[in-house]
Protein chains: 2
Amino acid sequence: MDNRQDREAKAGAPQARTAGPAIVLVRPQLGENIGAAARAMANFGLSDLRIAAPRDGWPNERAEAMAAGGAPLLHAARVTQDFQETIADLTLVFAATARPRDLWKAAVTPREAMARARAEIARGGRPGFVFGPEASGLSNDEVAPADAILAIPVDPACSSLNLAQAVGVTAYEWMAGEEAPPVYGDTPVPAPRADVLGLIDQLEESLDARGYFFPPHRAETMRQNLRGALARAGFTAEEVRGLRGAIKALAERPRK
Amino acid sequence: MDNRQDREAKAGAPQARTAGPAIVLVRPQLGENIGAAARAMANFGLSDLRIAAPRDGWPNERAEAMAAGGAPLLHAARVTQDFQETIADLTLVFAATARPRDLWKAAVTPREAMARARAEIARGGRPGFVFGPEASGLSNDEVAPADAILAIPVDPACSSLNLAQAVGVTAYEWMAGEEAPPVYGDTPVPAPRADVLGLIDQLEESLDARGYFFPPHRAETMRQNLRGALARAGFTAEEVRGLRGAIKALAERPRK
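Criteria and cut-off values
Residues numbered from 1 in each chain as written. Chains lettered and ligands numbered in written order. Predicted model: local features only at pLDDT ≥ 70, side-chain atom pairs only at ≥ 80, totals over all residues. Heavy atoms only, no water. Helix = DSSP H or I, 4+ residues; strand = E, 2+ residues; numbered from the N terminus. Buried < 20%, exposed > 50% of the residue type's maximum accessible area, 1.4 Å probe, protein only. Contact = heavy atoms within 4.5 Å. Areas by Shrake-Rupley, 256 points an atom, 1.4 Å probe, with all protein chains shown as cover. Pairing = 2+ DSSP bridges. pLDDT = per-residue confidence, 0-100. Phe/Tyr/Trp six-rings, centres within 6.5 Å; stacked < 30°, edge-to-face > 60°. Lys NZ or Arg CZ within 6 Å of the ring centre and 35° of its normal. Buried area = accessible area lost by both parts, 1.4 Å probe. Salt bridge = Lys/Arg side-chain N within 4 Å of Asp/Glu carboxyl O. Polar contact = N/O pair within 3.5 Å; in protein donor to acceptor, adjacent residues only side chain to side chain. Nonpolar A, V, L, I, M, F, W, Y, C, P; charged D, E, K, R; others polar.

(A) Layout of the overall build of chain A. In terms of regular secondary structure, chain A is built from eleven helices and seven strands. For chain A, the residues scored as buried account for 47% of the 256 residues in total. Taking all contacts inside chain A whose residues are at least 6 apart in sequence as the whole, residues at least 24 apart take part in 82%. Of the accessible surface of chain A, which amounts to about 12,700 Å², a share of 52% is contributed by carbon and sulfur atoms.

Printed below as a string of structure tokens:
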């Protein structure tokens, strides 16, 4: 690839990146966590990964090994030694921290933060989420430039969240807030009510023939129990046919 | 700890477990993922971990190494070789899968599923989420007993989610989620899953005895059709008893 092609390829990347908010990893320690974070980003539709001062240098083999479908994000990541450079172009910054000391900022949940990020993108801005190193989290200097604290809700009894999990639930809010849930295949419509009533009639007649509704004072309760269960079940037309065939098979005289 | 203290400590555990839905890992392969899943559960306030047929046996050192604050969940986990045993007491089951083949169930997002789980707990039921092995996911037989599919929204271009991430975003919805919708009147709790599986077994045996599953190449589809329909129906324990009585009555030799 010559220089001109290389420049063009790089120029193409930022456009693709603007689809969702940026994820910024500051001084990450374990390559495994960087890779797992990239994978989770890709799973949930994010692509703009930035890394400031990774402890073990760059590229990182362990990150590659963990990234799976997120590997292209590692290759396209902006990696720099300077934290401030990684957030320079962002217009709305959330800093993930459980311990903002000596400074006050509003704390928002991932859901609220992502809603604000979405609105920011809609009006042409560029939001990002900043995550600190595994052991110590972000320093005060790294939290200070943020608009707000990203406060992921955790059980106070077990509040230490894995870095990739923190990125994962944040990225999840990008995908979960956006689209209707996927529908797999053709969702069949429940059977017309007449089919279900036919099923119930057939079952009751077959049971009557066996003297099932006994003793008489219990019969009506027994019928209602069956009707209620089958009417509520939401069977499809095909399922009703299957169940009617099953009842017929049971009601027949046993074969010799 | 003497025996009495030990019993008391154990007696205390199930109570703690009922606080949130169960997480069931079926045939998990990597100890690291089991440990990371336990940690994410603990982060987000879940405690009832169940494991069916872990590939590398139990206990698992790699799981311990990854669990951090989730280690107590590993020690308290119910580990069994039998998948059906792990869901026997559950009254509402979601199966995490991206590929439900040859059977139809409604797909719900983690957010919707967790709202339903919360409502189920509020009325005295016991919900759970079932996750399959890393490489292959749940089998059809493992999806069939579920009430619905848990469909975690992902980018179709990168849809393979790490097991611990899948558990993580689901558990996150427990901690992050909205309140349960109000319940009006006495809503009966669905039967424990073991009852429903017993009903299905009885029906299949009775039908087998009549030669119902014919021709052979159609038999498996016919079985799945019946299983899927009955697993999804939300029968109460009393309704299951009624239906089992009905099947028994039909399966008996006709009275002269």
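(B) Structural view of the pairing of strand 1 (residues 22-26) of chain A. Residues and elements named next belong to chain A. In terms of burial, strand 1 is a largely internal element, five of the five residues being buried. Residues Ala22, Val24 and Val26 line one face of strand 1 and the alternating positions Ile23 and Leu25 line the opposite face, and both faces are buried. Here strand 1 runs beside strand 6 (residues 127-131); their pairing, made up of four bridges, is parallel. Paired with Ile23 across the bridge in strand 6 is Phe129.

(C) Looking closely at the confidence of the model for chain A. Residues and elements named next belong to chain A. Across chain A, the average pLDDT comes to 85, with 84% of residues at or above 70. Note on residues 1-18: pLDDT under 50 across the span, and ten contacts to partners over four residues away in sequence or across chains. With pLDDT under 50 throughout, residues 179-184 is counted as low confidence; its partners more than four residues away or in other chains account for eight contacts. Here the complex is predicted with pTM 0.78, and the ipTM for its interfaces comes to 0.78.

(D) Region of interest: the packing of aromatic side chains. For the structure on display, the rule yields seven aromatic pairs over all chains. Between the aromatic rings of Phe44 of chain A and Tyr172 of chain A, the centroid separation amounts to 5.7 Å while the plane-to-plane angle is 75°, which identifies the pairing as edge-to-face. Of this pair, Phe44 of chain A sits in the loop between helix 2 (31-43) and strand 2 (49-52) while Tyr172 of chain A sits in helix 8 (residues 163-176), and the two are 128 residues apart along the sequence. Side by side, Phe44 of chain A and Tyr172 of chain A carry an identical accessibility label, which is buried. Site record: aromatic cluster; members linked through ring pairs are Phe44 and Tyr172 of chain A together with Phe44 and Tyr172 of chain B. Residue placement shows Arg223 of chain A over the ring face of Phe213 of chain A; its charged tip is 4.2 Å from the ring centre.

(E) Region of interest: the interface of chain B and chain A. Contacts between chain B and chain A engage 65 residues on the former and 64 residues on the latter. With both chains or domains summed, chain B and chain A bury close to 5,300 Å², and 59% of this area falls on carbon and sulfur atoms. Of all residues in chain B, the largest losses of buried area upon contact with chain A belong to Tyr172, Arg210 and Leu250 of chain B, amounting jointly to 13% of the total for that side. Summed over the shared surface of chain B and chain A, the number is three salt bridges. Across the pair Glu173 of chain A and Arg111 of chain B runs a salt bridge whose closest N-O atoms are separated by 2.9 Å. Linking chain B with chain A are 25 residue pairs in polar contact (both at pLDDT 80 or more), by the criterion used here. Elements that contribute at least two residues to the side of chain B that touches chain A include exactly helix 2 (31-43), helix 6 (110-122), helix 8 (163-176), helix 9 (193-209), helix 10 (216-231) and helix 11 (237-251) of chain B. Sorting elements by how many residues they give to the side of chain B that touches chain A places helix 11 of chain B first, with ten residues. A per-class count over the side of chain B that touches chain A returns 34 nonpolar, 18 polar and 13 charged.

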